[in-house]
There are 4 protein chains.
Amino acid sequence: MRVGVLTGGGDCPGLNAVIRAVVRKGIKDYGYEFVGFRDGWRGPLEGDTMPLDVEAVRGILPRGGTILGSSRTNLMKIEGGVERVKDNMAGLGVDALVAIGGEDTLGVARQLHDRGVNVVGVPKTIDNDLNATDYTFGFDTAVNIATEAIDRLHTTAESHHRALVVEVMGRHAGWIALHSGMAAGANVILIPERPFDIDEVVKHVESRFRTQYAPIIVVAEGAHPKEGQMELATGEKDSFGHVRLGGIGQRLAEEIEQRTGKEARSVVLGHVQRGGTPSAFDRVLATRLGVNAIEAVHDKSFGKMVGLRGTDIVRVDLAEATDTLKTVPAERYTEAEVFFG
Amino acid sequence: MRVGVLTGGGDCPGLNAVIRAVVRKGIKDYGYEFVGFRDGWRGPLEGDTMPLDVEAVRGILPRGGTILGSSRTNLMKIEGGVERVKDNMAGLGVDALVAIGGEDTLGVARQLHDRGVNVVGVPKTIDNDLNATDYTFGFDTAVNIATEAIDRLHTTAESHHRALVVEVMGRHAGWIALHSGMAAGANVILIPERPFDIDEVVKHVESRFRTQYAPIIVVAEGAHPKEGQMELATGEKDSFGHVRLGGIGQRLAEEIEQRTGKEARSVVLGHVQRGGTPSAFDRVLATRLGVNAIEAVHDKSFGKMVGLRGTDIVRVDLAEATDTLKTVPAERYTEAEVFFG
Amino acid sequence: MRVGVLTGGGDCPGLNAVIRAVVRKGIKDYGYEFVGFRDGWRGPLEGDTMPLDVEAVRGILPRGGTILGSSRTNLMKIEGGVERVKDNMAGLGVDALVAIGGEDTLGVARQLHDRGVNVVGVPKTIDNDLNATDYTFGFDTAVNIATEAIDRLHTTAESHHRALVVEVMGRHAGWIALHSGMAAGANVILIPERPFDIDEVVKHVESRFRTQYAPIIVVAEGAHPKEGQMELATGEKDSFGHVRLGGIGQRLAEEIEQRTGKEARSVVLGHVQRGGTPSAFDRVLATRLGVNAIEAVHDKSFGKMVGLRGTDIVRVDLAEATDTLKTVPAERYTEAEVFFG
Amino acid sequence: MRVGVLTGGGDCPGLNAVIRAVVRKGIKDYGYEFVGFRDGWRGPLEGDTMPLDVEAVRGILPRGGTILGSSRTNLMKIEGGVERVKDNMAGLGVDALVAIGGEDTLGVARQLHDRGVNVVGVPKTIDNDLNATDYTFGFDTAVNIATEAIDRLHTTAESHHRALVVEVMGRHAGWIALHSGMAAGANVILIPERPFDIDEVVKHVESRFRTQYAPIIVVAEGAHPKEGQMELATGEKDSFGHVRLGGIGQRLAEEIEQRTGKEARSVVLGHVQRGGTPSAFDRVLATRLGVNAIEAVHDKSFGKMVGLRGTDIVRVDLAEATDTLKTVPAERYTEAEVFFG
């Protein structure tokens, strides 16, 4: 059996741990051979490969990023893309694919499976917003990094009697904001799922200023005020046409400064959240997903994704995994609100 | 409503986070008053209390240890202990108890409940060996600390072509060894649940020495060889009659040195694993448990323990929680064995 | 003897360590009493004090920020300010001041000393740009935080074949950029002392893109291109009239993207660099400075600042300390250039 | 010019950073070629080499250990060893050696230079006990690791009202104990340079127990009591004839327990202190030493060692560097004593 492996979408701590586990498990228990496809779907599309054996994956477990490279190449938008992938797989003698990625990558995996390709998916997203798994690897690392940063910001805020707004990742789901804000004792947490009331935010900030402590507001990049409440800058775009990250944090700091008359500053954590060595939790999760992805390949359980349920690794349909986004439920936000103000 | 809070058993990162959550939630949502009992069951036994309000719990979320102190006082072994606790609670006007602790503390809580005391339990153990919860807080922190230490040891082992044996906590269950060993790429992981074969260990060590890398063996303090295989030192005791921590790690290093003719050294991580600031995962878990313990008190759901199931906080009978130890299942060890040698 | 203590200017990891050392040393060895002045020069100006004894400084050694609070109140711009400080000191029976701060705070200290106030200065700045000391505490912590962040960014840059521009603190001196860039293997380091040539920067970036690695550019916030080279955004100001931090990092990423046709992103580390627990180096340095500041008070060695020379703590004139800024010498930049490209 | 590079003695964070700097500087500025000798003096003795070019040193800056391997092979004890090294160097066309190591390695380097070999030394020791340099790389990393561990131990000690003895590295000099103890707020610090009085230690421990805090004692592995005071275990030896690390920490904990009647535990940090990624300080120091070692080679300044003086890298005679050990001066210990008890 020859198995191709690829990583798609934004990078995420734990990708290398999955790759290593897939390769070590496949070789040791089933004698598989492996082919590494470079840069997500671009690899099988263009037949761009790298060798993938025990030697190639030595030492990569603790390393962030992905030795396979990644890209956002969308196979489905490329004329004849699926056929080219099938041809390249056939040409290379690749019988099955392990596709590690987020909503987009797994969506393509699902469509390939519908067209007869043997695929097993491994879920990946910093944002933790994929259905059909309790957690995705990379999320715990991101939350730890954000929490450590907020821990540090507390003392600087207090020494200067100043509000600090910390913008963390999360365009569509507020998981990183919720967990890091809860872990680091934020006074307000703002998430995309719940448009915020700027008057309430200001009320919490002012109540905090009346103690010897200083307010820390954690805001997901995709959070936004209730309609008509705060004028947001129209989205600037960079030369590639992407809307620049950031924005809401700085905007919010300005608004708080104006309304409270106290200094407010913002910090945008940005890419630091997604790089570097994975936390132990993410390394264990990624390793277990890799091992179990190979078990799925061995069982010819294609069209499936491996995911975490409680402490078990389970298999779910790729369809189920990519249907809807997993957002923060109301009761989780209510738990966090206990500590606002 | 007046609620007493106590922490029993060995300390654990996240205890303060639970205490803070319990107090903040109870005051904000239900107007409860709180009484802090000092040093586990010694507090209610002797009526030794400290004030516990919002001010008392400020800033403790990220701090290791417990502001309430802890002890291993076993109420059940004290003549008339239960009556004294009931009398002291009555005298202080305390209607309910939140008891945060491990097997022993929760076992006492269960017996108190059987005798008419209103108790809600919160599970705590570094070792993660409590039933009826997916994880206990403190465990993730301990695994992160052990993983970081093993990461560091890899480079020193390689530079000197020497084997390193890392002894981690876990007298009855090998969870810390399993997770940290898997996370840090150990070549062998030894746990109490599975008596090891010294010949196999040596085989893995020797196979590793044939690469440019060096062997790291992670061993739980409670791991032991198959009967008759390796003579272990008879347990030395300290002046309090406790068997000294450590032992198997050093013994194993000696054995490896003798059998392979290569240098082997041991490191005993010890108390470092249980101190200091909790990981983000543990802070979130501890906070959620605290919030939900108060919901249980509010619902008069006494005799219960709050626990984690998947991503939900659930309530289980204290009996269920303390009946048996949660040990590492065979299939989890099999997953890890993929990476041995 | 009664000694007043104050902290002025931006906060900095290690301030609390100095305060603790001053108080512990003064009480233990000389039986001094202490008065804490709040929020820099505002404290003695308004007679705003807090108690400062052994109990007050317990546990603050590892904590970032300053328990005394800080501000940028400039005494010299306040009509009759100096007289009010003298009156308040007399009224409180304060015989001498230990002033912990940067260029501004120490400049005021020097002028106060010229007008008869007993002052000893302790140098403090994240930026390490104070003369008459080899290092200032806070700097090592900031460099460690920036280095860790850049370590993390390497893997994300490589996985996406993208350039990352990291903006660190340093308006007038490039010490943080130099040290963190050197420590983390940046491909280009840009500092205020040396206007950069954008063509050279692009050349280094392109040469790096030809390897399997990706370019990381570390830029001090005060760095700028050679005249006429790159149009910078005119400085936006916030509602307090301060020019917003940030700017050059994002501007540089845009320019690199346009010129190379490859993705480039920027990260502004911001306030995270100055908060949180100090590194061991900074704790030792801060503690030694505090101890020696009290020795200077005891010796009536007023008008002096304590500073680090090699491994010794020495005393220098406040005048010498505040005359000129300590910028990065050309030969240090040359050492770093070895690793560009 | 062909330059050989070797690393000798115990491993130390920063070795790889020196190797990288030596190679990058030599190739970029002077077009040198490099030969890597394996495992300290064993490499040139046996002619065991590895290629050393820009590709070979990519990515090693943040990695602990040494890609060249290390050993304690003592050239001077090998009959005809010096001649064999000279022959091997000649055979390989190696004109000069950069020897990175501690007292032993540099002592051999000095003797080789006396016999006509072109050598430049780079000082290395975790213990910071080398003369002729303010600091050695690796020391700051070790102190940071020990400080973090002690930070963690504070909370566990307090929660259990128990004394904790932390044994750190330092057989002949107490630098790591002094700095980590001072940085982490130890209540007593014991170093080899100053035989301790057990009665005084117990007095400090008891005074600490009267507060709400708990005593932490930091002890260098080479510290010992005044003559006749405390019976130490006779040194057990391992199968290689080395005296086992550890000992004084556990012995001291027992003694404290017996004398105070309170629980005391010991933690031996061991090899964790010398592995893993170097701190930013050590990476900068190691890089600068590497760059300047090549400048020394270029200047034919053989028989010299590069070292740190203040913020400058200087050259000193190898003789000066290896004559005597740099121990902790009395005044540094006096500074630390302010915080005892």
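Since we're looking at a predicted model, the values are computed, not measured.

## A look at the overall build of chain A
- Across its full length, chain A carries eleven helices and eleven strands.
- On C-alpha atoms alone, chain A measures out to a radius of gyration of 22 Å, which is about the 20 Å that the 2.2 N^0.38 rule sets for 341 residues.
- When each of the 341 residues of chain A is scored for burial, the buried share is 65%.
- Counting only contacts in chain A whose residues sit at least 6 apart along the sequence, the fraction spanning at least 24 positions is 75%.
- On chain A, roughly 11,500 Å² of surface is accessible, and the fraction owed to carbon and sulfur atoms is 44%.
- If you average the places of the 39 positive and of the 47 negative side-chain charges in chain A, the two averages end up 3 Å apart.

## Some remarks on the relation of the copies chain D and chain B
- Mapping chain D onto chain B calls for a rotation angle of 180° and an axial translation of 0.0 Å; the resulting RMSD is 0.0 Å. Each copy turns onto its partner about a two-fold axis.
- Interface residue correspondence from chain D to chain B reaches 100%, placing this contact among same-surface, isologous pairings.

## A short note on the domain arrangement of chain A
All names here are of chain A.
- Once the domains are mapped, chain A shows domain 1 (2–138 + 278–323) and domain 2 (142–273).
- Inter-centroid distance (C-alpha atoms) of domain 1 to domain 2 is 34 Å.
- With seven residues of domain 1 in contact, the opposing surface of domain 2 contributes nine residues.
- Both sides together, the interface formed by domain 1 and domain 2 hides about 580 Å², and carbon and sulfur atoms give 57% of it.
- When residues of domain 1 are sorted by the area they lose upon contact with domain 2, Ile126, Asp127 and Asp129 head the list and together hold 60% of the total.
- At the boundary of domain 1 with domain 2, the tally comes to one residue pair in polar contact (both at pLDDT 80 or more).
- Its residues assigned to classes, the side of domain 1 that touches domain 2 comprises two nonpolar, three polar and two charged.

## Some words on the environment of Glu206 of chain C
Residue and element names in this part refer to chain C.
- Mapped onto the secondary structure, Glu206 falls in helix H7 (residues 198–209).
- Linking Glu206 and Thr260, residues 54 residues apart in sequence, is a C-alpha distance of 7.1 Å.
- Among residues more than four places away in sequence, those in contact with Glu206 are Arg259 and Thr260.

## Thoughts on unusual backbone geometry
- Here the phi dihedral of Lys300 of chain B falls at roughly 50°; this positive angle occurs in a residue that is not glycine.
- For Lys300 of chain B, the location among the structural elements is in the loop between helix H9 (280–298) and strand E10 (304–309).

## A look at the relation of the copies chain A and chain C
- At an RMSD of 0.0 Å, chain A and chain C line up after a rotation of 180° and a shift of 0.0 Å along the axis.
- A share of 98% of interface residues in chain A that are also interface residues in chain C marks the association as one of identical surfaces.

## Section: the interface of chain A and chain C
- Chain A puts 46 residues into the contact, and the matching count from chain C is 45 residues.
- Between chain A and chain C, a total of about 3,400 Å² is buried, with carbon and sulfur atoms accounting for 52% of that surface.
- Between chain A and chain C we count zero salt bridges in total.
- Along the contact surface separating chain A from chain C lie 18 residue pairs in polar contact (both at pLDDT 80 or more).
- Going through the elements one at a time, helix H5 (139–160), helix H8 (248–260) and strand E9 (264–268) of chain A are the ones with two or more residues in the side of chain A that touches chain C.
- Examining the composition of the side of chain A that touches chain C, we find that ten residues originate from one element, H5 of chain A, more than from any other.
- In the side of chain A that touches chain C, the residues fall into ten nonpolar, 23 polar and 13 charged.

## Comments concerning the packing of helix H9 (residues 280–298) of chain A against helix H6 (residues 175–183) of chain B
- Between H9 of chain A and H6 of chain B, the least distance of the axes is 8 Å, while the angle of their chain directions is 80°. Classified by the angle between their axes, H9 of chain A and H6 of chain B sit roughly perpendicular to one another. Contacts between H9 of chain A and H6 of chain B involve Ala280, Arg283, Val284, Thr287 and Arg288 of chain A on the former and, on the latter, His179, Met182 and Ala183 of chain B.
- Taken together, the residues of the contact of H9 of chain A with H6 of chain B break down into four nonpolar, two polar and two charged.

## Side note on the arrangement of the chains
- Looking at chain B next to chain C, you find no contact at all, with the nearest C-alpha pair sitting 12 Å apart.
- No interface is formed between chain A and chain D, the nearest pair of C-alpha atoms being 12 Å apart.

## Here's the deal with H9 of chain A
All names here are of chain A.
- Relative to the 27 Å expected for 19 residues at 1.5 Å per residue, H9 spans 27 Å between its end C-alpha atoms, a close match to the ideal helical length.
- Of all the 19 residues making up H9, 17 are buried; the element is thus mostly covered by neighbouring parts of the structure.
- Looking one or two residues beyond H9, the residue adopting positive phi is Lys300, at roughly 50°.

## Let's talk about the sheet that holds strand E2 (residues 33–37) of chain B
Residue and element names in this part refer to chain B.
- Taken in spatial order, the seven strands line up as E3-E2-E1-E4-E5-E10-E11 in an open sheet, and their pairing is mixed. If you trace the sheet from one side to the other, it starts and ends with strand E3 (49–51) and strand E11 (312–317), each paired once. Each strand of the sheet is rotated relative to its neighbour by a mean of 30°, with strand direction disregarded.
- In this structure, strand E1 (residues 2–7) lies alongside E2, joined through four bridges in parallel fashion. Following the sheet pairing, Val3 is matched in E2 by Phe34.
- The strands touched by helix H4 (residues 103–114) within the sheet are E1, strand E4 (96–101), strand E5 (119–123) and E10, with E4 carrying the most contacts at an inclination of about 155°.

## Side note on the side chain of Asp140 of chain C
- Along the chain, Asp140 of chain C turns up in helix H5 (residues 139–160).
- The buried charged residue Asp140 of chain C lacks any salt bridge partner; its closest oppositely charged side chain belongs to Arg283 of chain C, at an N-O distance of 9.5 Å.
- The residues touching Asp140 of chain C, leaving out its near neighbours within four places in the chain, are Ser279, Phe281 and Asp282 of chain C together with Phe281 of chain D.

## Observations regarding the packing of H5 of chain A against H9 of chain B
- Viewed as axis vectors pointing N to C, H5 of chain A and H9 of chain B meet at an angle of 85°, and their least axial separation amounts to 8 Å. In terms of orientation, H5 of chain A and H9 of chain B fall into the roughly perpendicular class. Residue-level contacts link Asp140, Val143, Asn144, Thr147 and Asp151 of chain A of H5 of chain A to Ala280, Phe281 and Arg283 of chain B of H9 of chain B.

## With respect to the interface of chain D and chain B
- Across the contact, 45 residues belong to chain D and 46 residues belong to chain B.
- Contact between chain D and chain B buries roughly 3,400 Å² in total, counting both sides, with carbon and sulfur atoms accounting for 52%.
- At the boundary of chain D with chain B, the tally comes to 18 residue pairs in polar contact (both at pLDDT 80 or more).
- Among the elements of the structure, helix H5 (139–160), helix H8 (248–260) and strand E9 (264–268) of chain D are those that each provide at least two residues to the side of chain D that touches chain B.
- At ten residues, H5 of chain D tops the list of elements feeding residues into the side of chain D that touches chain B.

Thresholds, definitions, all that
Residues numbered from 1 in each chain as written. Chains lettered and ligands numbered in written order. Predicted model: local features only at pLDDT ≥ 70, side-chain atom pairs only at ≥ 80, totals over all residues. Heavy atoms only, no water. Helix = DSSP H or I, 4+ residues; strand = E, 2+ residues; numbered from the N terminus. Rg over C-alpha atoms; globule rule 2.2 N^0.38 Å. Buried < 20%, exposed > 50% of the residue type's maximum accessible area, 1.4 Å probe, protein only. Contact = heavy atoms within 4.5 Å. Areas by Shrake-Rupley, 256 points an atom, 1.4 Å probe, with all protein chains shown as cover. Lys, Arg positive; Asp, Glu negative; His and termini not counted. Charge placed at Lys NZ, Arg CZ, Asp CG, Glu CD. Least-squares fit on C-alpha atoms with pLDDT ≥ 70 in both. Domains from an automatic or database assignment. Buried area = accessible area lost by both parts, 1.4 Å probe. Polar contact = N/O pair within 3.5 Å; in protein donor to acceptor, adjacent residues only side chain to side chain. Nonpolar A, V, L, I, M, F, W, Y, C, P; charged D, E, K, R; others polar. Salt bridge = Lys/Arg side-chain N within 4 Å of Asp/Glu carboxyl O. Axes fitted to C-alpha atoms, helices over the stretch in contact; angles between N-to-C directions. Parallel < 35°, antiparallel > 145°, perpendicular 65-115°, else oblique. Expected span 1.5 Å × (residues − 1). Pairing = 2+ DSSP bridges.

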